[in-house]
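Each chain is listed here by its residues.
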Amino acid sequence: MSSAPSVAVGLGQLSGELSDSIIFSNAALNPSLRELLSQWSTATPTNLFARPVSTTVLSNPRADLHLEAQNRAATRHLVTVFLSAPELISAIPTLYTLIADRAPFVINVSIGTPSDVGDAFAIRQAGAVIFTSNSRDEAGDVGLLAHATALANRIPVVHFYRAADDDSNEAPISDFKATSSVVEKLTTLATEYKKNESAEEIAEQLSSTLYIKPSPQSAIDYEGIAKSITELVSLLEPALSGGPHSLFEYSGSLDATEVLVVLGTASPTLTKSVEAISATGRKVGLVRVRAYRPWAEEIFFTVLPKSTRALAVLDEAHALSTTWGPLFLDVAASFHSGKYQGATSPSISEGTVHLGSAGYTIDIVEEALKQIADGQDDRFTVGTPMLNGIHANGLLNGLVKTAAAETPYLTMLDQLFAKRASIANVVSESSVHGSDEAAEANAEYGFGKHVAGVQARIRFATSVAEAAQSTSNNELKETLGRWLQNRDDAEQSIKNGNASIALLEKDATLTSARALLDQQELFWKPSRWVIGGDELSYDVGDSGVHHVISSKEDVNMLVLDTQPYSEKIAITQADKRKKDLGLYAMQYGGVYVASVAVNASYAQVVRALLEADAYQGPAIVLAYAPRITHTGKGVSVPLAMLKETKVAVDSGYWPLYRWNPSLEAQGKEPFALDSEKVKREIVEFLERENHLAYVLRSKPQIANYIAASADTELNSAIENKVKSSYASLLSSLNAQPLLVLFGSDGGNAEAVAKRLGSEAKQRGLRPRVMAADSFSVDDLPAEQNVVFVVSTAGQGEFPGNAKETWKALASSELDFATMKFSVLALGDRNYWPLPGDKHYFAKSGKELDHKLEILGAQRLTPLAIGDDQDPDGYWTGFNAWRPVLWKSLGVDDVEVTVEAAGPSDNAMKESSNFLRGTIAEGLLDTTTGALAELDTKVSKFHGIYQQDDRDTRDERARQGFEPAYSFMVRCRIPGGVVTPGQWIAVDDIADTWANGTIKITTRQTFQYHGIVKPGLKKAIQDMNRALMDTIAACGDVNRNVLCNPNEHSSEVNAAVLKLARDWSIHMLPHTNAYHEIWLDKKLVATTQEESEPIYGKTYLPRKFKCAIAVPPHNDVDVFANDLGYIAVIENGKVVGYNVSVGGGMGMTHGNKKTYPRLGDVLGFCTPEQAIDVGEKVVTVQRDFGDRTNRKHARLKYTIDTHGIEWFKEEVERRLGWSFPPARDYKFISNGDRFGWVQESDGTWAFTMFIQNGRVRDAPGSPEKTALRSLATLLQTAGPNKSSVGQFRLTANQHLVVACIPPSLKPTIEAFLTKNNLHSTHHSALRLNSMACVALPTCGLAMAESERYLPDLITRIDTLLESQGLRDDAISIRMTGCPNGCARPQIAEIGFVGKAPGTYNMYLGGGFSGMRLSKLYKESVDEKEILKSLEPLLQRWGKERVDGEHFGDWCIRAGIVKETKQGKEFHD
């Protein structure tokens, strides 16, 4: 596919052709537009009229837009403006002025949320022309029409385009310059506009720039403008990519009786859904309003079928305060104008629409049409509001206006308090329309409602007391008395209240019984909540917050802060956020306070809400809910919220804490810090209140992380760097300086830079080596010699640790004349193989080299390129460049010993002293959160990967901090079976030491993320106490062994599990290093030399994976492993195994010498021979595997290098016997079987779906808590309170609860139902999905995987549902890099990450895991994925033969070629 621009970039390029000036608000700049600006900064564009184009970025358009626009209008500039929708309201005065000046401005605004649609309606009376578009093609066509309309009619035009398409990789505009008539017309219009310009006019215009002129709309012929637009459409038609257009677009039946009307920005899925319904014979239609202003009712009537009997206007803008929506009023007014020519006017209604991520599905449209057909209501609602089920006891106001950012917190209130929840003041973001009642924006409004509720409950309690005195029923008297005594206890009020209700319903003699039953909800202690947003934080007094705090009433406030950290006021005020309500309330006294963030810690939010509810007095919970208006490519809104939250908490901008004054009376500490940073103001408060010492004792690490402000932290970091380098500076003043800056994602550029620095030191230079973003661009001109080593990330982007450097350089005006430079650009010429993508190769380094030259820097060398495709990879270019660089620095004749960038992996392993390295010493180093570089390799053999949080990496670098290092720790659990007690231990470890989640991996084990170095050893010791370890879970050894988790035969289960455990134990490293380092087992003095009898000192060339499968289910993907055992079962017993060798999924993008491969079957062995066979396979790989190139070191390459027959003979030679022929077997699937199955011993097993293996609690889905409760239940469910059952992990990342006695099954079933752990509500596609972790922790990830695949499946499910295929299984898998952890290369639909938001798409894998897939499309984004899959799924549904899986059909239909062996994978 071509590398065409996104919609926003396409509109930007169009503006560059037809404008003299382009103004961007900072909020409107998405990453694509920023990249375009960066390009323009190096090469100023020239427009169609041969004039240079200027660009301006406004950080505060509310203050600056009017003056900027007026100045350009006065000089008759052709101007395009890019604004975000919320900024339109403040731009209304500017629109009036532009209309008065008859200035042909074009204003592009992206629409992405219902509130954006509301903002579009807000400017409808300003007098500007308003166009809308909803797709790529339309955006370009309407954009061109907007410019032509503005010029032809001398009027500003506002173009609303759909933000959902804003990251498309397809071109939104055609090349209008190829159409001479269009170019001639536009040139004529521009010339006519410019020719009247005079100095006098300019002076007159400039003198009036400070005044807002009334818009002379009465003098503007809007009917004429409508006709002009129609004429321009005809004139521009040859240049329009979407074909003929009209002011209104009609779709559906020409004789429709039921018609929907929507604003033109409505999702394209609406048109598709209406057309699909119409295709069934239904007489339905759709009118999309492409030109909203001027409203041309005559043209509207020409597209509306005369057969229309019922018409509904669908409204996505939910925050409007008017009774009817503006579009409805326009449509309704048209039918009263007398211009409608139909026999009878149709009935007209309005529908409020709540859309999910799938947009206008057929179900939504059908629901709207049903409402029209019923004709009972003038107004109706379709779709599902963002939140359901909160019991508000009559106090819930404006709930449907709640934005996505707030929804999780409201869901949690419902989840925790259910029918006790009493909620007032649910308000959305500020809008020109306001809320339904202005008073609702004030906390006093909700507080007053709650006080009324308190008084009502007091009166109710009085009535209960009177009833207790008057009743003769002793049981009722005692029950009512218990309720009165415990009515303010949530649990007891429900228990005694329900008992009272039951007795009152039976007691007909009590006269007050009916009155009490009519108010029975007052028996339950309400959880009273006032909910507000940012507005409450600006004025504590006027907002009513102080009134609530000072009242001492038992009322809780949930205050939602929606300002993203990335949009904070200033870098120097990163620790300031409006008025700090938390600090204010703590200082006032007697108030429970918590600061929470659901995307940082779900458990902490739950705890805070429960504590606030239990606190007898006012409580304030400050909740971080960043509102996302724009996202980067491949980043969903929820994911952007997660990233914003992580950075905010990590930086100390939003600390997590709880303050409970009631604990002081119990002699306990009232303050609990739940994050690693806290602001200086809170520290000062704790110090005054004598609580700081406790905090420092409970979290000693906090002393090093108390955050005053970003500036203070940054200055401190810089000061420390200066001090640490002072001594070395003094000793080398006479040496020539060399600054080496690197931009590195995967580590290659960093390794090259460090090697360069080492050699420079030998040559007598004074080198400094660091990440580019660690050095200020402002200081670069003072440097004498600077070398840049820059790799290329994604589609020509700069790596994360060089992005800020490039941004600063791109806009820099500094003088670099005295600086000398050289650039080594790293890349892979085959990474983007399509001709249109070739410019991505080494793009970052090339752009940097060009920019430095433009800035006047002097060259040390020509640009150097390190290409991964060269014979020695990027080292080829490096070695050719080195001597040129040293010669230019005058040090080429110095004798040096050129060392390797680091010891080889073999040397590292051999010198590690049997996997000890210096890990033990590194754990004691408190100056860094990391281990030494070589120790990070050694630690993998201990099941540990050092990682850092890539979501926070850039911000930490900006602040001068090292990355947020943490460790991923993987357990060794052969066969994936644990007891309920072990599950509870796993859950405890996740909460105590990790990030609060449990990851079930594709290798049937547990994985923890986010363990920091001080807790690493303790976490492993806790695992050991639970009889689990992490030995050899990673590294160049035999990894965790897979085996079939849910075979029906208990005897077969036991046999294959025994083999998995025996093989795992047999292949464990013999070194005592693990026990010495992690378990404090001291080395016993001995004269016997330590050895590794199977592995040797250098262990294996690469990792080694083994799996055991039980046909007919290949749920372990046995052929994807280096070694596989396929069970042969006769008469219910395992009689032996077919042995397969040489499988593996890993490969490298652009390197066809690397490829996935499925294993070959060597033959049959008995159960007694299995271990010996495996050992001999390992030793052949040990002795013959490639130890010079790790990309070619797996067993699959050893076999393909020497041949499978040679390999078989070598194994047989070492065994001393030959393999008998393989026995017959057949696999039918590689997925899991969900639900209940009964095993042969009579016990039951239940397989449950765990999405991508991530066990976590989320609002509305407390899965982790539920599974812990299930384990607790099983621990005491056996005879005499003994433990029963097993937890079995699957290689598809799911969970089996097994060995359940028949007598216990009903109890477990009830538990599963109550906690929504059944899988029946998931589509077959989702049940057969799998994703690796990828971002933010995996250092190899190039794109999202686990955090993105669920959203993509939701969108694909919509396509499947439209074809009736929701319950047809298709395997779909995704990884963030080509290493293949989730095994996407054998999925029917596979995605392998290549860059942010960009994937290689593979089709044709076997449903049973016995066939590799084939590349279908390269470098596709979500839009292209859905566009590609839709016709394929339609064809499969119609063309498949009985039982034919999607992958098989793709081969038969010729969609992709069949891959018969690994070497053919890239053919």
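In this text the structure is predicted, and so the values were computed from the model without any measurement.

### Section: the overall build of the protein chain
When helices and strands are counted, the protein chain shows 46 helices and 48 strands. Of all 1467 residues assigned to the protein chain, the portion counted as buried reaches 58%. Surface summary for the protein chain: the accessible area is close to 57,100 Å², and the carbon and sulfur share equals 51%.

### Let's talk about the side chain of K851
Relative to the elements of secondary structure, K851 occurs in helix α28 (residues 843-854). Salt bridges are absent for the buried K851, whose nearest opposite-charge side chain, E813, sits at 8.7 Å. The contacts of K851, once residues within four sequence positions are left out, are S41, T42, W806, L809 and A810.

### Some words on the layout of surface pockets
Considering only enclosed or pocket space, the second largest pocket measures out at about 420 Å³ in volume. Looking at the second largest pocket, it is lined by 19 residues, and the ones nearest its centre are Y222, E223, P294, W295 and A296. Of all the elements in the fold, those that place two or more residues in the lining of the second largest pocket are α9 (222-236) and α11 (297-303). Examining the composition of the lining of the second largest pocket, we find that five residues originate from one element, α9, more than from any other.

### Here we look at the pattern of salt bridges
Per the stated rule, a full pass over the model turns up 78 salt bridges. The residue D1080 makes a salt bridge to K1017 at a minimum N-O spacing of 2.6 Å. Here D1080, found in the loop between α37 (1073-1079) and β33 (1106-1109), pairs with K1017, found in helix α35 (residues 1013-1025); they are 63 residues apart in sequence, far enough to count as distant. According to the relative accessible area criterion, D1080 is partly exposed, its value standing at 49%. D1200 is the partner of R1157 in a salt bridge, and the nearest nitrogen-oxygen pair spans 3.1 Å. Within this pair, whereas R1157 is found in the loop between β35 (1133-1141) and β36 (1160-1165), its partner D1200 is found in helix α39 (residues 1195-1202), the two being separated by 43 residues in sequence. Neither R1157 nor D1200 differs from the other in exposure class; each is buried. Connected via shared salt-bridge partners are K643, K646, D949, D951, E1344 and R1347.

### So, the sheet that holds strand β42 (residues 1286-1289)
The antiparallel open sheet is built from five strands, whose spatial order is β29-β42-β43-β38-β37. The sheet terminates laterally at β29 (977-978) and β37 (1235-1238), the two strands that pair on one side only.

### Quick look at the environment of E567
By the element assignment, E567 lies in the loop between β16 (556-561) and α20 (581-588). On the basis of relative accessibility, which here comes to 47%, the residue E567 falls in the partly exposed class. In the structure, E567 is positioned 541 residues away from N26 in sequence and 9.8 Å away in space, judged by C-alpha atoms.

### Topic: empty space enclosed by the protein
For the coordinates displayed, the defined rule picks out 13 cavities of 30 Å³ or more. In this model, the largest cavity occupies a volume close to 80 Å³. If you go around the largest cavity, the residues you meet are V117, F121, V262, L263, T265, A266, V313, L314, D315, E316, L327 and Y360. Considered class by class, the residues forming the lining of the largest cavity number nine nonpolar, one polar and two charged.

### Focus on the packing of helix α6 (residues 136-153) against helix α7 (residues 180-195)
Orientation of α6 relative to α7, taken along the N-to-C sense of each, is 40 degrees, at an axis distance of 9 Å. Accordingly, the angle class assigned to the pair α6 and α7 is oblique. As for the relative orientation of α6 and α7, their crossing is left-handed in sense. From α6, L144, A148, L151 and A152 reach across to α7, where they touch L186, L189, A190 and Y193.

### Here we look at the sheet that holds strand β2 (residues 54-58)
Read across the sheet, seven strands follow the order β2-β1-β3-β4-β6-β5-β10 without closing on themselves; strand pairing throughout is mixed. Every other strand in the sheet has two partners, leaving β2 and β10 (291-293) as the edge strands with one partner each. For this sheet, the mean angle separating the axes of adjacent strands, direction not counted, is 20 degrees. Pairing geometry for strand β4 (residues 106-111) and strand β6 (residues 157-162), over six bridges, is parallel. In the strand pairing of β6, S110 is matched with Y161.

### Quick notes on the environment of G1447
Here G1447 shows up in helix α46 (residues 1446-1452). The exposure class of G1447 is buried, given its relative accessible area of 0%. In this view, G1447 contacts E1388, G1404, G1405 and R1411; residues no more than four positions away in its chain are not counted.

### Re the packing of helix α38 (residues 1170-1184) against α39
At a minimum axis separation of 10 Å, α38 and α39 run at an interaxial angle of 75 degrees. Relative to α39, the element α38 is oriented roughly perpendicular. Of α39, the residues touching α38 (which contributes V1177, Q1181 and F1184) are L1195, T1198 and H1202. Tallied by class, residues from the contact of α38 with α39 come to three nonpolar, three polar and no charged.

### Describing unusual backbone geometry
A cis amide bond links R293 to the next residue, P294, at an omega of 0 degrees. As for its position among the elements, P294 is in the loop between β10 and α11. Residue P1336 follows L1335 across a cis peptide bond; omega there is 15 degrees. Here P1336 lies in the loop between β44 (1329-1331) and α44 (1349-1362). Not every positive phi belongs to a glycine, and R76 is a case in point at roughly 55 degrees. Looking at the secondary structure, you find R76 in the loop between α3 (61-74) and β3 (79-84). Among the residues examined, R76 registers a relative accessible area of 18% and is labelled buried. Of note, the phi angle at C1299 is positive, near 60 degrees, even though the residue is not glycine. Position of C1299 relative to the elements: it lies in strand β43 (residues 1295-1300).

### Side note on the nonpolar core
Counting 101 residues, the largest nonpolar core has W983, W1078, Y1125, Y1137 and M1248 as its most contacted members. Once you skip the residues sitting within four places of it in the chain, M1248 turns out to touch F1234, L1267, L1270, H1294, L1295, V1297, L1312, L1317 and S1319. I99, L145, A291 and I348 belong to the second-largest nonpolar core, a separate cluster that totals 86 residues.

### Structural notes on the environment of L484
Along the chain, L484 falls in helix α16 (residues 474-485). Along the backbone, L484 and A468 are 16 residues apart, and their C-alpha atoms lie at a distance of 9.6 Å. The residues contacting L484, other than those within four sequence positions of it, are A461, V464 and A465.

### Observations concerning α28
Counted at 1.5 Å a residue, the expected span for α28 with its 12 residues is 16 Å, and the 17 Å between its end C-alpha atoms agrees. Buried residues of α28: K843, S844, G845, E847, L848, D849, K851 and L852, and no others. Here the buried face of α28 lies against α2 (31-42), β23 (785-790), α27 (803-810), β24 (820-827) and β25 (858-859).

### Some remarks on the side chain of N660
Its place among the elements puts N660 in the loop between β19 (657-659) and β20 (671-673). One polar contact links N660 to S662, side chain to side chain, over a distance of 2.6 Å. For N660, the contacting residues outside a window of four places in its chain are Y592, Y615 and P670.

### What to know about the confidence of the model for the protein chain
Parts of the model with low pLDDT should not have their predicted coordinates read in detail. Averaged over all residues, the pLDDT of the protein chain is 85; the fraction at 70 or higher stands at 87%. Note on residues 197-218: pLDDT is under 50 here. Beyond four places in sequence and across chains, it has 40 contacts. In the model, residues 569-577 has pLDDT below 50 throughout and makes 21 contacts with residues more than four positions away in sequence or in other chains.

### Overview of the packing of aromatic side chains
Here the structure, examined in full by the defined rule, presents 43 aromatic pairs. Plain terms: the ring middles of F1119 and Y1225 are 6.5 Å apart, the flat faces sit at 35 degrees to each other, and that makes the pair tilted. Of the two residues, F1119 sits in the loop between β33 and β34 (1123-1130) while Y1225 sits in the loop between α40 (1204-1215) and β37, which places them 106 residues apart along the sequence. Using a relative accessible area of 5% as the deciding quantity, one classes F1119 as buried. One aromatic cluster is present, built from ring pairs that chain together F248, Y292, W295, F300, F301, F335 and Y340. The ring of Y193 is capped by R76, whose NZ or CZ atom sits 5.3 Å from the centre of that ring. The ring centre of W524 lies 3.9 Å from the NZ or CZ of K419, which sits over that ring.

Reading guide: rules and limits
Residues numbered from 1 in each chain as written. Predicted model: local features only at pLDDT ≥ 70, side-chain atom pairs only at ≥ 80, totals over all residues. Heavy atoms only, no water. Helix = DSSP H or I, 4+ residues; strand = E, 2+ residues; numbered from the N terminus. Buried < 20%, exposed > 50% of the residue type's maximum accessible area, 1.4 Å probe, protein only. Areas by Shrake-Rupley, 256 points an atom, 1.4 Å probe, with all protein chains shown as cover. Lys, Arg positive; Asp, Glu negative; His and termini not counted. Salt bridge = Lys/Arg side-chain N within 4 Å of Asp/Glu carboxyl O. Contact = heavy atoms within 4.5 Å. 1 Å grid on protein atoms, 1.4 Å probe; cavity = no way out; pocket = protein on both sides within 12 Å on 5 of 7 lines; lining within 4 Å. Points joined across faces, edges and corners; volume = space filled by probe spheres on them. Pairing = 2+ DSSP bridges. Nonpolar A, V, L, I, M, F, W, Y, C, P; charged D, E, K, R; others polar. Axes fitted to C-alpha atoms, helices over the stretch in contact; angles between N-to-C directions. Parallel < 35°, antiparallel > 145°, perpendicular 65-115°, else oblique. Left-handed = near helix turned anticlockwise from the far one by under 90°. Core = buried A, V, L, I, M, F, W, Y, C linked by side-chain atoms within 4.5 Å. Expected span 1.5 Å × (residues − 1). Polar contact = N/O pair within 3.5 Å; in protein donor to acceptor, adjacent residues only side chain to side chain. pLDDT = per-residue confidence, 0-100. Phe/Tyr/Trp six-rings, centres within 6.5 Å; stacked < 30°, edge-to-face > 60°. Lys NZ or Arg CZ within 6 Å of the ring centre and 35° of its normal.

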